[in-house]
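Report on the structure
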Amino acid sequence: RKEVEQDPGPFNVPEGATVAFNCTYSNSASQSFFWYRQDCRKEPKLLMSVYSSGNEDGRFTAQLNRASQYISLLIRDSKLSDSATYLCVVNGYSSASKIIFGSGTRLSIRP
Amino acid sequence: ETGVTQSPTHLIKTRGQQVTLRCSSQSGHNTVSWYQQALGQGPQFIFQYYREEENGRGNFPPRFSGLQFPNYSSELNVNALELDDSALYLCASSLGADGYTFGSGTRLTVV
């Protein structure tokens, strides 16, 4: 089982739609969780951290469910510029690995 | 505040050769992590350096090695290059465990 698993997509949704991604992680000792965004042939960039209480940043909402070991990202009123790959990232806090990336979910917003 | 810079941006090497990739960390960051990202995959953790010491290693063979210098810049060395080493190599710096900032990467092609 992979340490961090994501649905690879692609998700193809119309502009203005609401879209949600989930990500599961295997290490119950994981401490920190993030969503990164990666545009084609670019480096990943931090989108938002994910807190136990859930957090919101404009159209983006991230939630953490420690009991079920998953995190989610909700994008409301999607824009064309939201088209990218969204990477789920978990801080492993183990000696063998540090932050661990999921394989990413591709999102394509159509006009 | 300067970001993370990597050099070179692109590189073509022949199978069996050796390569050195370089990374200058963001000002104030003492931790550098290296990742390999194959096309269509999420970044895979290679290793991390904290204050010039290796501080965790992923599932990569010993021919992948690294260094961190007193100014916290870092090098990734790969010996005996194989075709499967062709990938985007990402360097990320951080202050401790959170808030990773990525460089734009080095795209390595092995022929």
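Residues numbered from 1 in each chain as written. Chains lettered and ligands numbered in written order. Predicted model: local features only at pLDDT ≥ 70, side-chain atom pairs only at ≥ 80, totals over all residues. Heavy atoms only, no water.

Section: the packing of aromatic side chains
A ring pair, where both rings are aromatic, is described by two values, the distance of the centres and the angle of the planes. Taken as a whole and assessed by the stated rule, the structure comprises 13 aromatic pairs over all chains. Here the aromatic rings of Phe21 of chain A and Tyr86 of chain A are separated by 5.4 Å at their centres, their planes lie at 40 degrees, and the arrangement is tilted. Of the two residues, Phe21 of chain A is situated in strand β3 (residues 19–25) and Tyr86 of chain A in strand β9 (residues 84–91); the sequence distance between them amounts to 65 residues. In this structure Phe21 of chain A comes out as buried when scored by relative accessible area, which is 1%. The class for Tyr86 of chain A is buried, based on a relative accessible area of 0%. Here the aromatic residues Phe34, Tyr36 and Phe101 of chain A together with Tyr35, Phe45 and Phe102 of chain B are joined through ring pairs into a cluster of three or more. (Phe/Tyr/Trp six-rings, centres within 6.5 Å; stacked < 30°, edge-to-face > 60°. Helix = DSSP H or I, 4+ residues; strand = E, 2+ residues; numbered from the N terminus. Buried < 20%, exposed > 50% of the residue type's maximum accessible area, 1.4 Å probe, protein only.)

Considering the state of the cysteines
In this structure the tally under the stated criterion is two disulfides over all chains. One disulfide in the model links Cys23 of chain A with Cys88 of chain A; its S-S distance is 1.9 Å. For the disulfide bridge between Cys23 of chain A and Cys88 of chain A, the dihedral angle about the S-S bond is near -70 degrees, and by the sign convention the bridge is left-handed. Linking Cys23 of chain A in strand β3 with Cys88 of chain A in strand β9, this pair joins segments that are 65 residues apart in sequence. In terms of burial, Cys23 of chain A and Cys88 of chain A fall into one category: buried. Note on cysteine connectivity: Cys23 of chain B is disulfide-linked to Cys91 of chain B, with sulfurs 1.8 Å apart. (Disulfide = S-S within 2.5 Å.)

A short note on the sheet that holds strand β7 (residues 64–68) of chain B
Residue and element names in this part refer to chain B. A sheet is described by the order of its strands in space; here four strands give the open sequence β1-β3-β8-β7, paired in antiparallel fashion. Since the sheet does not close on itself, it has two edges, and those belong to β1 (5–7) and β7, each with one partner. On average, adjacent strands in this sheet sit at an angle of 15 degrees to one another, irrespective of strand direction. In this structure, β7 lies alongside strand β8 (residues 74–78), joined through five bridges in antiparallel fashion. (Pairing = 2+ DSSP bridges. Axes fitted to C-alpha atoms, helices over the stretch in contact; angles between N-to-C directions.)

Topic: the layout of surface pockets
Considered as a void within the structure, the largest pocket measures approximately 570 Å³ in volume. What lines the largest pocket is a set of 27 residues, and nearest its centre among them are Arg41 and Thr85 of chain A together with Gln37, Leu39 and Gly40 of chain B. Mapped by element, the contributors of at least two residues to the lining of the largest pocket are β9 and β11 (105–110) of chain A together with β9 (87–95) and β11 (106–110) of chain B. Looking at the lining of the largest pocket residue by residue, the classes come out as eleven nonpolar, eleven polar and five charged. By volume, the second largest pocket amounts to about 410 Å³. For the lining of the second largest pocket, the secondary-structure elements that each account for two or more residues are β1 (4–6) and β10 (99–101) of chain A together with β4 (31–37) and β5 (44–50) of chain B. Looking at the lining of the second largest pocket residue by residue, the classes come out as ten nonpolar, ten polar and three charged. (1 Å grid on protein atoms, 1.4 Å probe; cavity = no way out; pocket = protein on both sides within 12 Å on 5 of 7 lines; lining within 4 Å. Points joined across faces, edges and corners; volume = space filled by probe spheres on them. Nonpolar A, V, L, I, M, F, W, Y, C, P; charged D, E, K, R; others polar.)

Points about the environment of Val89 of chain A
Residues and elements named next belong to chain A. Examined against the element boundaries, Val89 turns out to sit in strand β9. The spatial distance from the C-alpha of Val89 to the C-alpha of Ser32 is 8.4 Å, given a sequence separation of 57 residues. With residues near it in sequence (within four places) discarded, Val89 still touches Ser32, Phe33, Phe34, Tyr36, Ile99, Ile100 and Phe101. (Contact = heavy atoms within 4.5 Å.)

Regarding the confidence of the model for chain A
In the predicted model, chain A carries a mean pLDDT of 90, and 95% of its residues have values of at least 70. Highest mean pLDDT in chain A belongs to strand β7 (residues 60–65) of chain A (96); lowest belongs to β10 of chain A (86). (pLDDT = per-residue confidence, 0-100.)

Considerations on the pattern of salt bridges
Scanning the entire structure with this criterion turns up eight salt bridges over all chains. Across the salt bridge formed by Lys79 of chain A and Asp77 of chain A, the nearest N and O atoms sit 2.9 Å from each other. Residues Glu75 of chain B and Arg22 of chain B are paired through a salt bridge, measuring 3.5 Å at the closest nitrogen-oxygen approach. In this pair, Glu75 of chain B sits in strand β8 while Arg22 of chain B sits in strand β3 (residues 19–24), placing the two residues 53 residues apart along the sequence. The exposure class of Glu75 of chain B is buried, given its relative accessible area of 15%. Each of Arg63, Glu82 and Asp85 of chain B takes part in a single network of salt bridges with overlapping partners. (Salt bridge = Lys/Arg side-chain N within 4 Å of Asp/Glu carboxyl O.)

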